[in-house]
Amino acid sequence: EIMPEVKVSNYKNLEVPFEKTKFKKSMIDETVEDFRNKMASEVDAEDGAKAGDIIKAVFKFLDDEGNVTKEIDREFALGDNSYSKAFNKNLTDKKVGDEVKTKLFTKTQKNEDKDIADTMKDRVFLVSITSVKRRILPELNDDFAKDLEYDTVDLMKESVEKELKKKIENDNKQRLREAIVVSLIKENPFDIPPSMAKNYAENMAKPYAEQYKMDVAQLVPMYMQLAEHNIKSHFVLEEIKKQENIEVTQKD
């Protein structure tokens, strides 16, 4: 393995595919709605589960004779989960303490519950509801705005608009830089030593592996593509700096 020989000859007047994100007035309402969701309170839904309610339940596995063989706990939003429409319909209006016999998936539906084997998809489960919580959003008024340290709703929206435009501008600049680097690497291809990419990927994976008590080797493949990109970015930009004779002066 040897260090790469980097020759960057095609880096001027490149056409870089890039589309700016544009500010839309609807983004203000979406952001304010996000504020409301974050400040929502939860109450017991005593009138039965409705769409959007958070349900805690015990899924009970049944054998051919209807005996419970296994139990698993689950929490999900009614109407917004990985289970079937029929499952969500069967749990609608049900209350704490209710038990419902129902299938979780359709035959053709993708099974996204890791604790339920595909061979069990077509089986009937006994679902025992232990909790039904409903999110109550705060009213959008000046008191709500003051809780977020704004004097009025109008001033809050003005501030949100200003911050959104600033964020979009900064994001567009960053995305454009990234798009330029991708184009530079594509137009000036070269190889890097595999060990260099692997070492870089290992360093990127270590913090995640330590946090979640995982083997670094298992995570390295996930970081290899990004590692190669970052290394090539460094070499390409360094070579352009040399060719353009870019130097930082004391005035700069």
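Residues numbered from 1 in each chain as written. Predicted model: local features only at pLDDT ≥ 70, side-chain atom pairs only at ≥ 80, totals over all residues. Heavy atoms only, no water.

Asks: I'd like a rundown of the overall build of the protein, residues and numbers included.
Replies: When its secondary structure is counted, the protein shows six helices and five strands. The linear arrangement of helices and strands in the protein, starting from the amino end, is α-β-β-β-α-β-β-α-α-α-α. Against the compact-globule benchmark of 18 Å for 252 residues, the protein has a radius of gyration of 27 Å, which places it well outside the compact range. The burial tally for the protein puts 33% of its 252 residues in the buried class. Sequence separation of 24 or more characterises 65% of the internal contacts of the protein that already satisfy a separation of 6 or more. Approximately 17600 Å² of the protein is accessible, and the part contributed by carbon and sulfur atoms is 48%. In the protein, the 44 positive side-chain charges and the 52 negative ones have mean positions that sit 2 Å from each other. (Helix = DSSP H or I, 4+ residues; strand = E, 2+ residues; numbered from the N terminus. Rg over C-alpha atoms; globule rule 2.2 N^0.38 Å. Buried < 20%, exposed > 50% of the residue type's maximum accessible area, 1.4 Å probe, protein only. Contact = heavy atoms within 4.5 Å. Areas by Shrake-Rupley, 256 points an atom, 1.4 Å probe, with all protein chains shown as cover. Lys, Arg positive; Asp, Glu negative; His and termini not counted. Charge placed at Lys NZ, Arg CZ, Asp CG, Glu CD.)

Asks: Can you break down the packing of aromatic side chains residue by residue, with the values?
Replies: In total, this model carries ten aromatic pairs according to the counting rule given. Plain terms: the ring middles of F59 and F87 are 5.9 Å apart, the flat faces sit at 75 degrees to each other, and that makes the pair edge-to-face. Here F59, found in strand 2 (residues 54-62), pairs with F87, found in helix 2 (residues 85-91); they are 28 residues apart in sequence, far enough to count as distant. Taking the relative accessible area as the measure of exposure, F87 reaches 0% and is therefore buried. By the ring-pair criterion, three or more aromatic residues cluster together here, those being F59, F76, Y83, F87 and F105. When the ring centre of F23 is taken as reference, the NZ or CZ atom of K165 above it lies at 5.1 Å. Over the aromatic face of F190 sits the side chain of K232, whose NZ or CZ is 6.0 Å from the ring centroid. (Phe/Tyr/Trp six-rings, centres within 6.5 Å; stacked < 30°, edge-to-face > 60°. Lys NZ or Arg CZ within 6 Å of the ring centre and 35° of its normal.)

Asks: Report on the pattern of salt bridges, specifying residues and quantitative values.
Replies: Under the defined criterion, the tally for this structure stands at 20 salt bridges. The residue K165 makes a salt bridge to E161 at a minimum N-O spacing of 3.0 Å. Of this pair, K165 and E161 both sit in helix 4 (residues 153-187), four residues apart, roughly one helical turn. Residue class for K165 comes out partly exposed when judged on its relative accessible area of 41%. Overall, E161 belongs to the buried group, its relative accessible area being 18%. (Salt bridge = Lys/Arg side-chain N within 4 Å of Asp/Glu carboxyl O.)

Asks: I'd like a description of the nonpolar core, backed by residues and values.
Replies: In this structure, I55, F59, F76, F87, L91, L104 and I116 are the most contacted members of the largest nonpolar core, which totals 21 residues. Among the elements of the structure, strand 2, strand 3 (68-77), helix 2 and strand 5 (124-136) are those that each provide at least two residues to this core. Look past the residues within four positions of I116 in its chain and what remains in contact with it is F61, I72, L104, F105, N111 and F125. Within the second largest apolar cluster, 13 residues are counted, among which are I185, F190, F235 and I240. (Core = buried A, V, L, I, M, F, W, Y, C linked by side-chain atoms within 4.5 Å.)

Asks: If you had to explain the pairing of strand 4 (residues 99-103) to someone new, which residues and values would you point to?
Replies: Going residue by residue along strand 4, you find V100 and T102 tucked away on one face and E99, K101 and K103 left uncovered on the opposite face. Bridge count for strand 4 against strand 5 is five bridges, and the pairing is antiparallel. Looking across to strand 5, one finds that T102 is bridged to F125. (Pairing = 2+ DSSP bridges.)

Asks: Residue-level account of the environment of E33, with values.
Replies: Its location among the elements puts E33 in helix 1 (residues 26-38). As a C-alpha pair, E33 and P138 span 105 residues in sequence and 10.0 Å in three-dimensional space.

Asks: Account for helix 4, naming residues and giving values.
Replies: Here helix 4 contains 35 residues, and its C-alpha end-to-end distance of 50 Å stays within 8% of the 51 Å for a straight helix at 1.5 Å per residue. Among the residues of helix 4, those classed as buried are V153, M156, V160, E161, L164, I168, N172, A179, V181, S183, L184 and I185. (Expected span 1.5 Å × (residues − 1).)

Asks: Which residues make up the side chain of S84, and what values do they have?
Replies: Relative to the helices and strands, S84 is located in the loop between strand 3 and helix 2. Residue class for S84 comes out buried when judged on its relative accessible area of 6%. Every residue in contact with S84, bar those within four places of it in the chain, is listed here: K103, L104, F105, T106 and Q109.

Asks: Outline a nonpolar patch on the surface, supporting the account with residue identities and numerical values.
Replies: Together, Y208, Y212 and M214 line one region of the surface with nonpolar side chains, adding up to about 290 Å² of accessible area. Its place among the elements puts Y212 in the loop between helix 5 (194-211) and helix 6 (216-243). By relative accessible area, which is 45% here, Y212 ends up partly exposed. (Patch = residues over 30% accessible without salt bridge, like charges linked within 9 Å, V, L, I, M, F, W, Y side chains within 5 Å.)

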